[in-house]
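This is what each chain is made of:
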Protein chains: 2
Amino acid sequence: MKFEIKDRDAAGRICKFTTKHGTVTTPNLMPVINPNKMLITPREMKKLFGTEMVITNSYIIYKDDKLREKALNEGAHKLIDFDGPIMTDSGTFQSYVYGDIDIDPIEIVQFQRDIGSDVGTILDVFGTPDQTKTKAEQGMKETLKRAKQSVRVKGEMALACTVQGSVYPELRELCAKKLSSIDGDFFPIGGVVPLMENQRYGDLVRSILYSKRGLNPSKPVHLFGAGHPLIFPLAVALGCDFFDSSAYAKYANDRRMIFPWGTEKLDDLIELPCHCPICSKHTASELKKMDKKEAVLQLAKHNLYVSFAEIKKIKSAIASGSLWELVERRVSANPYLLEAMQELQKEEHKVWLEQSESTSKNKALFYTGNNTIHRPIVYRCHHRLLDRYKPLFDNTVVFPEGKKPYSKYYAKQIDEIKSKADVNILINSYLGPVPIELDEMYPFAQSVFPKKIDEETKTEVAKMFDKFTKKENVIFWEDKETIDELPASKKKIDKDIARISAVSNMQFGKGASKALFDGEINIIKSKKTGKIRNIHSNENHVLSMRAGDGLFTLKIDGAKRLHKSFKYPKLRVTIDKDAVPFVKEGKSVFAKFVIDCDSELRPFDECLIVDKKDYLLAVGRTLLNRDEMLSFEYGMAVKTREHIK
Amino acid sequence: MKFEIKDRDAAGRICKFTTKHGTVTTPNLMPVINPNKMLITPREMKKLFGTEMVITNSYIIYKDDKLREKALNEGAHKLIDFDGPIMTDSGTFQSYVYGDIDIDPIEIVQFQRDIGSDVGTILDVFGTPDQTKTKAEQGMKETLKRAKQSVRVKGEMALACTVQGSVYPELRELCAKKLSSIDGDFFPIGGVVPLMENQRYGDLVRSILYSKRGLNPSKPVHLFGAGHPLIFPLAVALGCDFFDSSAYAKYANDRRMIFPWGTEKLDDLIELPCHCPICSKHTASELKKMDKKEAVLQLAKHNLYVSFAEIKKIKSAIASGSLWELVERRVSANPYLLEAMQELQKEEHKVWLEQSESTSKNKALFYTGNNTIHRPIVYRCHHRLLDRYKPLFDNTVVFPEGKKPYSKYYAKQIDEIKSKADVNILINSYLGPVPIELDEMYPFAQSVFPKKIDEETKTEVAKMFDKFTKKENVIFWEDKETIDELPASKKKIDKDIARISAVSNMQFGKGASKALFDGEINIIKSKKTGKIRNIHSNENHVLSMRAGDGLFTLKIDGAKRLHKSFKYPKLRVTIDKDAVPFVKEGKSVFAKFVIDCDSELRPFDECLIVDKKDYLLAVGRTLLNRDEMLSFEYGMAVKTREHIK
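What you see is a predicted model, and the numbers here were worked out from it, not measured in a lab. (Residues numbered from 1 in each chain as written. Chains lettered and ligands numbered in written order. Predicted model: local features only at pLDDT ≥ 70, side-chain atom pairs only at ≥ 80, totals over all residues. Heavy atoms only, no water.)

Colleague: Outline helix α18 (residues 347-354) of chain B, listing residues and values.
Modeller: Taken together, the buried positions of α18(B) are B:H349, B:K350, B:W352, B:L353 and B:E354. On the buried face of α18(B), the contacting elements are α10 (201-214), α11 (232-237), α16 (323-331), α17 (335-344) and α19 (376-388) of chain B. (Buried < 20%, exposed > 50% of the residue type's maximum accessible area, 1.4 Å probe, protein only. Helix = DSSP H or I, 4+ residues; strand = E, 2+ residues; numbered from the N terminus. Contact = heavy atoms within 4.5 Å.)

Written out as structure tokens, the structure is:
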């Protein structure tokens, strides 16, 4: 089994997952195949919807003499006629629905192994949301015991070890941690179906996040039983990789149609609000009048078209860095899903989510409403502003939100102020306070807001503004007279120097500007745009500024300076000696060779690649955060850009 | 030409529009057919997308010798091989794009008539957003002059008279009024393309709303040049019936794909975030590698699948009463569209929109975020609470938002309070203050909110709370001690009586309860639910309460009482003598027979059907508001329920 990250956004990721039956891409939806009654065959699913992997139930196969024999003789793949990876479930959900089931927990794992399942599942104990903590803990412990026993018999099969713990965060985290410490390969988050059925999305989110905290980040995570696309974008943004859908068939049997915004009864619809091949070929009244059995088949296909399309939308959003926007758009369809967003506003979740958040994205940040200000990227910006930015003067003149970049929009006023007095210029923006030196940096410049914003954003922004400006004397710009009483200018601070200092501190940490710039500083600008492009310090090319996101690319001479000034492990990715010769040739760093990493590094950050003795080898751009680098066995951790020759 | 309303929601409507080439349903999207170069033929469009009506350009036909001859000899329908209704444009947009065009404004109308166009368009003067008011007024006056001249030559063709007036509301309204007073049949709102191109959605909304104010509500309205589905839900909610799309081809030629949330470049996509037949058959990389010309065709089909599906979604939302929800979900995809919502918050727009808002809907009100509190239905509730509700006591005990119905959720506390003191019970709900007597009435009970709401809603709700409670002494419930200091109970007010009084006043107006209830009041409840079902007053059955929306159905005996107490024209729909015999037999009232109507009546309101002498004939439920009843020549105005025998 192989699992590696290819792209990412929020805590979501596009990964490649490989078993001996092939490679699939995550986020991935596995339709549930009932071996007794296939509404649509896996083969047809592959053709129609691009289905790459399916899930079937080993308990049902085991309990049926004919199926069991066939599966044991010919294998699960022949049984359901599918040549891609197959996951099997163990009967846990049956035990939840029907009460105790008559199967040995180890026997069912062995059976899954014997029929050639690619991913077999332990017989975990389903924790229900209404359990007491004691009861939930008992179930969790039994699950752990079974997982440990099951690992021993898994053979070549990847083993799915389900995280339980009901709605108790500490149990979820503990269960996840313990399961990660044994040799599990795949981690379903279990016991969540009743939460979804009762639209308890706040509890769902908490269960996912506390499970994720405890799990090995290099392993695939499966939100077990989640088959409605309504939840896919949010679940992916929180780090879920796999979904399974029995909903497509269950809902179809009930004449219900799945949509990204919810479910509708066919018989309530006057029009089919959809453009899938089924809804493009038929009208609502045609479907209603259709032979019952045929209608079920058509509805099941519709349900799968819609569900798989949502997965494609999510991948597309990850690639363009707009997954949070997709999530925010989707949650507005359901007031209970909005409760999930409210849960995410808690500090504990923000801290965790911020760690996976990329430093920069391909697309501007789009405001969608009052949820936007609570995004992890905004949380990071606010924290870094408080921690890493130092105002230059005692007085601050504040301008309101305006066109971007602000330094251009307010150029006239700023020049006038600067010619008279030494003041900080601050924009009271819709993302929070933006010092003028940072106005070209992602996401301050790369964000789109309407002219007016909602009251909640105003409140949040005002809180941050107060925190940020508490030491300085703040003056709100009205007109020329605003600055009449300020003391005359004494210092002469070059605005380009101020900009490169502020941006480098924000990006690399406090002290970066001091480390990077000394002696004669030569700033080279684009002739076309007038923007800063390259910075030389004492004739060393230390940094380049990227036009797209206003952040720095670190040059090897800059890296040397930061390496010298910043103590280990700051900005470092430390690699094993086996990888050193390759990096010295400019090759990139694979995750399995990373032995240490600065915990402050985020995906797409500039980093120093060093050996065990902290000897600087190269400079590169991270693709993973620390936890991921230390866990992943496959895939790239750092893209090396320049190495020491 | 025939145009009648079949269903409605917000200021949007599902209508039937009939010409001699057939009947089409609105909201309707007309793909633009270039007679010189048909990427997809109208015939194929009908088959693939269910296209019912198309638009082509008479100016292009006129200017091309071959096309002109063919069109004059065989007709426009043969020319483009389409047997459904065809609209033709006149060359106005060409004049906007290429400057002055060489055509006589009357000649082009005659030409459209002669080639058998179902809807021909005047050669209006395109008003641009950057025009001075003087210039815009000149253009508007010239447009009006041409419209008047064109009407004389239209023959059997329906004539589309385009509303101009640039971004000046008073010019838009004036132009619309004047056009409505001449014999125009179809009203495009023109000059909006540059607003959409520059994402000036606030200006767009204002232009639409001021045009709509001036227009005859019984005529179809076409948002000229709007072909991107992003704007469809909002435009329909404001009363637009027709759209035309050249975008499908223009964007396809540019390798861009249309989505409900915006536009994406094919070459930027790693996955096709869509499930239309084209995107279900092909992957992104297949489309990218395809022969350029073939790719354009596939993208054009995708664009039309998506655009027509959005129309189906809108119709579906109208039918379920959730159009505002669809609008709010859609606008969250684009910060500039959110500016349109901010424009809608202005009092002037709320007042206008409230008139079309139905009294009750099929589906509960779903909160989507901070836009929900600004919906017209909330505006109405707040106004009616201030105007029609009178508290019973001097002291008010307030409970926070809770489960619905509130009277059940807080039953224990309320009983306790009521046994001790005479107080009003008020819920400080997420929709605003809800007196306990109204807690089962739409939308107070039929609304879904998350546990917490955004700050903007809180602010709006708090403002309303203060307005509503300014006369009473307000006590916020904490525990039993809350009511310790209240004076002991003196009056005994039956809570069922209080409920039916409050609901009837809210629904029918101040004084309704006094008119309806006298003597012995007998309230019959459902044995199953305990809810009020029927009310008899002095042995007359005056009202039934509907379980679904908690509103009253007016019985004939109730109608008699209201008719006696309420002066003309309150609650009345007055019909022509020709219709009297039919209504006396229990037949419904068609719009063309309505000669007067209470301006306070809203769609789906209970009403009194009277003759010219104000003799009560029957009681029914309105489908239209006053302006619509007095304008429409086709379709039903009131569904008669019970008539006087």
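Colleague: For the relation of the copies chain A and chain B, give the residues involved together with the corresponding values.
Modeller: Least-squares fitting of chain A to chain B yields an RMSD of 0.0 Å, with the superposition described by an axial translation of 0.0 Å and a rotation of 180°. Taken together, these values place the two copies in the relation of a two-fold axis. Both copies present the same face, since 100% of the interface residues in chain A are matched by interface residues at the equivalent positions in chain B. (Least-squares fit on C-alpha atoms with pLDDT ≥ 70 in both.)

Colleague: So what's going on with the sheet that holds strand β2 (residues 12-19) of chain B? Which residues, and what values?
Modeller: Neighbouring strands of a sheet are bound in pairs by backbone hydrogen bonds; such pairs are parallel or else antiparallel. All names here are of chain B. Overall, antiparallel pairing links the 3 strands, which are arranged β1-β2-β3 in an open sheet. The outermost strands of the open sheet, each flanked by one partner alone, are β1 (2-9) and β3 (22-26). Averaged over all pairs of adjacent strands, the angle between strand axes in this sheet comes to 15°, irrespective of strand direction. Relative to β3, β2 runs antiparallel, the two sharing 5 bridges. Across the sheet, K16 pairs through a bridge with T25, a residue of β3. Against the sheet, helix α15 (residues 292-320) engages β1, β2 and β3, with an angle of about 65° to β1. (Pairing = 2+ DSSP bridges. Axes fitted to C-alpha atoms, helices over the stretch in contact; angles between N-to-C directions.)

Colleague: How would you summarise the interface of chain A and chain B if you had to cite specific residues and measurements?
Modeller: On the side of chain B, 45 residues touch chain A, which itself brings 45 residues to the contact. Both sides of the chain A and chain B interface together cover about 4100 Å² of buried area, and 60% of this is carbon and sulfur. Of all residues in chain A, A:H275, A:K312 and A:R329 bury the most surface against chain B, accounting for 17% of the area lost on that side. In this assembly, chain A and chain B are joined by 4 salt bridges. The residue B:K315 makes a salt bridge to A:E271 at a minimum N-O spacing of 3.3 Å. Counting the contacts that link chain A with chain B gives 14 residue pairs in polar contact (both at pLDDT 80 or more). Only α13 (277-281), α15 (292-320), α17 (335-344) and α22 (455-468) of chain A provide two or more residues apiece to the side of chain A that touches chain B. It is α15(A) that contributes the most residues to the side of chain A that touches chain B, 8 residues altogether. A breakdown of the residues in the side of chain A that touches chain B according to their chemical character gives 25 nonpolar, 9 polar and 11 charged. (Buried area = accessible area lost by both parts, 1.4 Å probe. Salt bridge = Lys/Arg side-chain N within 4 Å of Asp/Glu carboxyl O. Polar contact = N/O pair within 3.5 Å; in protein donor to acceptor, adjacent residues only side chain to side chain. Nonpolar A, V, L, I, M, F, W, Y, C, P; charged D, E, K, R; others polar.)

Colleague: Give a description of a negative patch on the surface that names residues and reports values.
Modeller: On the surface, A:E478, A:D479, A:E481, A:D484 and A:E485 cluster together to form a negatively charged patch. Following the sequence through the fold, A:E481 ends up in the loop between β19 (473-476) and α23 (495-508). (Patch = residues over 30% accessible without salt bridge, like charges linked within 9 Å, V, L, I, M, F, W, Y side chains within 5 Å. Areas by Shrake-Rupley, 256 points an atom, 1.4 Å probe, with all protein chains shown as cover. Lys, Arg positive; Asp, Glu negative; His and termini not counted. Charge placed at Lys NZ, Arg CZ, Asp CG, Glu CD.)

Colleague: I'd like a rundown of the pairing of strand β2 (residues 12-19) of chain A, residues and numbers included.
Modeller: All names here are of chain A. With 6 of its 8 residues buried, β2 lies for the most part within the structure. In this structure, strand β1 (residues 2-9) lies alongside β2, joined through 7 bridges in antiparallel fashion. Within β2, the position partnered with D9 by the bridge is G12. Between β1 and β2, which pair antiparallel in sequence order, lie 2 residues; one of them, A10, sits at a positive phi of approximately 50°.

Colleague: Account for the packing of aromatic side chains, naming residues and giving values.
Modeller: In this structure the tally under the stated criterion is 40 aromatic pairs over all chains. Seen in terms of ring centroids, A:F17 and A:F242 are 5.4 Å apart; in terms of plane orientation they differ by 75°. Their pairing is edge-to-face. Of this pair, A:F17 sits in strand β2 while A:F242 sits in strand β11 (residues 242-245), and the two are 225 residues apart along the sequence. One exposure class covers both A:F17 and A:F242, and it is buried. Following the ring pairs from residue to residue traces out a cluster consisting of A:F3, A:F17, A:F186, A:F242 and A:F632. The aromatic ring of A:Y251 is capped on one face by A:R256, whose charged end is 4.3 Å from the ring centroid. Above the face of the B:Y210 ring, B:R213 is positioned so that its terminal group lies 4.7 Å from the ring centre. (Phe/Tyr/Trp six-rings, centres within 6.5 Å; stacked < 30°, edge-to-face > 60°. Lys NZ or Arg CZ within 6 Å of the ring centre and 35° of its normal.)

Colleague: Tell me about the packing of helix α10 (residues 201-214) of chain A against helix α18 (residues 347-354) of chain A, and please be specific about residues and values.
Modeller: All names here are of chain A. The geometry of α10 relative to α18 is characterised by a closest axis approach of 11 Å and an angle of 50° between their N-to-C directions. Comparing their axes, α18 and α10 come out oblique. When the axes of α10 and α18 are compared, the crossing they make is left-handed. Each of R206, L209, Y210, K212 and R213 in α10 lies in contact with α18, whose residues at this interface are E348, H349, W352 and L353. The residue inventory of the contact of α10 with α18, partitioned by class, reads 4 nonpolar, 1 polar and 4 charged. (Parallel < 35°, antiparallel > 145°, perpendicular 65-115°, else oblique. Left-handed = near helix turned anticlockwise from the far one by under 90°.)

Colleague: Tell me what's going on with the nonpolar core, and back it up with residues and numbers.
Modeller: Within the largest apolar cluster, 214 residues are counted, with the highest numbers of intra-cluster contacts made by A:V397, A:F508, B:L223, B:L234, B:F243 and B:L323. Broken down by element, the residue count for this core peaks at 12 residues, all from α15(B). Ignoring sequence-local partners within four residues, the contact set of B:F243 consists of B:N28, B:L29, B:M30, B:H222, B:L223, B:A226, B:F232, B:A235, B:V236 and B:I311. A:L230, B:C381, B:V423 and B:I535 belong to the second-largest nonpolar core, a separate cluster that totals 213 residues. (Core = buried A, V, L, I, M, F, W, Y, C linked by side-chain atoms within 4.5 Å.)

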